[in-house]
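Chains, contacts and geometry: an overview
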Amino acid sequence: QVQLVESGGGLVQPGGSLRLSCAASGSIFSIYAMAWYRQAPGKQRELVASITSGDITNYSDSVKGRFTISRDNAKNPVYLQMNSLKPEDTAVYYCYAQMRGPESYWGQGTQVTVSS
């Protein structure tokens, strides 16, 4: 099993920046990929960015060029650097871990609000 704990959310003005962190514990060496998803009120949860164990990254078109997913040399935690934030980035952001097997895990989510 893997436990995921997000941090770093908050209120920021349009054009500002935030960095989210996701700390994994448990069977972290069995993680194949990690990702950030977000869910805005009344909308479906959507993929924001992902990173594999081989450090291959992928971004949704809506955040490409503004957000960066990364992790340190120990592969943990995983970060999401969010720059040039827009009101439409407002959502609950969730950390996600895909294991090398069929299991996957979600964090509890952290609120990001972009508003003046």
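What this report covers is the structure whose coordinates are included nearby. Throughout, residues of each chain are indexed from 1 in the direction in which the sequence is written. Given that this is a predicted model, residues contribute local features only at a pLDDT of at least 70 and side-chain atom pairs are listed and counted only at 80 or more, while totals for whole chains, interfaces and linings are drawn from all residues. Water and hydrogen atoms play no part in the side-chain values, which are based on all heavy atoms of the structure.

Focus: the overall build of the chain
The following threshold applies: Numbering of helices and strands runs from the N terminus, with a helix taken as a DSSP run of H or I at least four residues long and a strand as a DSSP run of E at least two residues long. The globule rule used for comparison is 2.2 Å times the number of residues to the exponent 0.38, while the radius of gyration itself is calculated over C-alpha atoms. Relative accessible area decides the class of each residue, using a 1.4 Å probe on protein chains only: under 20% of the type maximum gives buried, over 50% gives exposed, and in between gives partly exposed. When charges are counted, neither His nor the chain ends are considered; positive counts come from Lys and Arg and negative counts from Asp and Glu. In plain terms, the charge of a residue is placed at NZ if it is Lys, CZ if Arg, CG if Asp and CD if Glu.
Summing up its helical and strand segments, the chain has zero helices and 11 strands in all. Here the C-alpha atoms of the chain give a radius of gyration of 13 Å, agreeing with the 13 Å that 2.2 N^0.38 yields for 116 residues. The dimensions of the chain, computed from C-alpha atoms along their principal axes, are 40 × 25 × 20 Å. For the chain, the proportion of its 116 residues judged to be buried stands at 42%. Averaging the positions of the 10 positive and the 8 negative side-chain charges in the chain gives two centres separated by 2 Å.

Let's talk about the state of the cysteines
Applied cut-off: Criterion for a disulfide: a pair of cysteine sulfur atoms at a distance within 2.5 Å.
A complete count under the given rule lists one disulfide for this structure. Between the sulfur atoms of C22 and its disulfide mate C95 the distance is 2.0 Å. The sign of the S-S torsion, about -85 degrees, decides the handedness of the disulfide formed by C22 and C95: left-handed. With C22 in strand β3 (residues 18–26) and C95 in strand β9 (residues 91–99), this residue pair connects regions lying 73 residues apart in the sequence.

Remember that the coordinates give geometry; whether it matters functionally is a separate question.
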